[in-house]
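# Structure at a glance
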Amino acid sequence: MRLRNVPNAREIVNNSDYVIKEPQELKGKYKEVFKNDNPLHIEIGMGKGNFIIDMALKHPEINFIGIERYESVMCRALEKLEGKEISNLKLICMDASLLGEVFDKEVDTIYLNFSDPWPKKRHAKRRLTSNVFLPIYDQIFKDECLIIQKTDNVGLFESSIVSLSTYGYVIEDISLDLANKEIENSLTEYEAKFMSQGTKINYLKARKK
Ligand SMILES: C[S@@+](CC[C@H](N)C(=O)[O-])C[C@H]1O[C@@H](n2cnc3c(N)ncnc32)[C@H](O)[C@@H]1O
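Below, the structure is looked at part by part. (Residues numbered from 1 in each chain as written. Predicted model: local features only at pLDDT ≥ 70, side-chain atom pairs only at ≥ 80, totals over all residues. Heavy atoms only, no water.)

Before going further, it helps to examine helix H7 (residues 154-166). In this model H7 runs 18 Å from its N-terminal to its C-terminal C-alpha over 13 residues, within 8% of the 18 Å that 1.5 Å per residue would give. Every buried residue of H7 is accounted for by Leu156, Phe157, Ser159, Ser160, Ser163 and Leu164. As for H7, its buried residues are in contact with helix H6 (133-140), strand S5 (145-151), strand S6 (170-175) and strand S7 (202-208). Directly beyond the C-terminal end of H7, a positive phi value near 105° is found at Gly168. (Helix = DSSP H or I, 4+ residues; strand = E, 2+ residues; numbered from the N terminus. Expected span 1.5 Å × (residues − 1). Buried < 20%, exposed > 50% of the residue type's maximum accessible area, 1.4 Å probe, protein only. Contact = heavy atoms within 4.5 Å.)

We now examine the sheet that holds S5. Judged by pairing direction, the sheet is mixed, and its seven strands sit side by side in the order S3-S2-S1-S4-S5-S7-S6 without closing on themselves. For this open sheet the edge positions go to strand S3 (89-93) and S6, each flanked by a neighbour on one side alone. Strand after strand, the sheet turns through a mean of 15° between neighbouring axes, direction not considered. Two elements, S5 and S7, share seven bridges in a ladder whose sense is antiparallel. Bridge pairing in S7 links Gln149 to Leu204. Contacting strand S2 (63-68) and S3, helix H4 (residues 71-81) runs over the sheet at an angle of about 160° to S3. (Pairing = 2+ DSSP bridges. Axes fitted to C-alpha atoms, helices over the stretch in contact; angles between N-to-C directions.)

Turning our eyes to something else, we now look at the pairing of S2. Counting buried positions over the six residues of S2 gives six, a clear majority of the element. By the alternation rule, side chains of S2 split into Asn63, Ile65 and Ile67 and Phe64, Gly66 and Glu68, which are all buried. In terms of strand pairing, strand S1 (residues 40-44) meets S2 through five bridges, oriented parallel. When the bridges of S2 are listed, Leu40 appears paired with Asn63.

Among the nonpolar cores identified, the biggest contains 31 residues, and Ile42, Ile65, Leu99, Phe103, Ile110 and Tyr137 are the most heavily contacted of them. Judged by nonpolar contacts, the second largest core, of 29 residues, contains Val19, Met46, Met74 and Leu178. (Core = buried A, V, L, I, M, F, W, Y, C linked by side-chain atoms within 4.5 Å.)

Another aspect to go through is the side chain of Gln149. Here Gln149 is to be found in strand S5. Judged by its relative accessible area of 1%, Gln149 falls in the buried class. Polar side-chain contacts of Gln149 include one of 3.0 Å to the side chain of Ser160. Once you skip the residues sitting within four places of it in the chain, Gln149 turns out to touch Leu112, Thr129, Leu156, Phe157, Ser160, Asn202, Tyr203 and Leu204. (Polar contact = N/O pair within 3.5 Å; in protein donor to acceptor, adjacent residues only side chain to side chain.)

Taken together, 19 residues sit near the ligand, with Gly45, Glu68, Ala96, Asn113 and Thr188 positioned nearest. One of the backbone N or O atoms of Asn113 is found 2.9 Å from a nitrogen atom in the ligand. Backbone polar atom of Tyr190 to an oxygen atom of the ligand: 3.0 Å apart, as the coordinates give it. For the ligand, whose accessible area on its own is 590 Å², the fraction buried by protein is 96%. Taken together, the residues that form the shell around the ligand break down as nine nonpolar, four polar and six charged. (Near = heavy atom within 4 Å. Areas by Shrake-Rupley, 256 points an atom, 1.4 Å probe, with all protein chains shown as cover. Nonpolar A, V, L, I, M, F, W, Y, C, P; charged D, E, K, R; others polar.)

Another aspect to go through is the pattern of salt bridges. For the structure on display, the rule yields 14 salt bridges. A salt bridge links Arg10 to Glu71; the nearest nitrogen and oxygen atoms lie 2.9 Å apart. One end of the pair, Arg10, is in helix H1 (residues 9-14); the other, Glu71, is in helix H4, with 61 residues separating them in the sequence. The salt bridge partner of Lys208 is Asp138, with a shortest N-O separation of 2.9 Å. (Salt bridge = Lys/Arg side-chain N within 4 Å of Asp/Glu carboxyl O.)

So, in structure tokens, the structure goes:
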């Protein structure tokens, strides 16, 4: 993700009603945040927000939280949300390593879209499907664990399949060319760019009971 420096990014993020400022204080209480009992889906590394905004608009029966670690990136999503009132969408600016401090057995689905691939072996633990992150996800999933991943990066995709399978996930759906799969799909910014270049997108849906 190329970072555009937004000088007042922190102020913009802190002033937005979409952004949850002290998420640790809401651990276990997201039903109260959304004022309903609907399922909770989160996207880790939401970038500029296209996917999570589109999903929230298409699925008012689901609550969505977008997680992004950089305020300057989150600002781009907030620009898209200006003037919109989407009651089933919230955003949190934080690193995914802190998810266990913020959610307590209340997440139904995690989306990992075009996550940073960390191709070097010595950085493998930073991948969001590594065995560093999968135990963190165990802490926040409600009953079953459901991870949906999209990526252009074959190395990340292969390592995710190995890591998820080794950790007890069953890959229940997979595609090496998402554009030619009949499935409801909301595009991310990266995905739109890759698709326009003819790059094939890998997709998987993995579940652990
Ligand atoms: C390659 S971009 C993809 C953005 C978006 N999902 C898309 O498909 O257009 C990866 C994004 O994930 C964010 N990210 C990477 N690691 C993260 C982490 N550990 N916690 C939170 N966000 C993270 C980055 O800041 C970046 O915005």
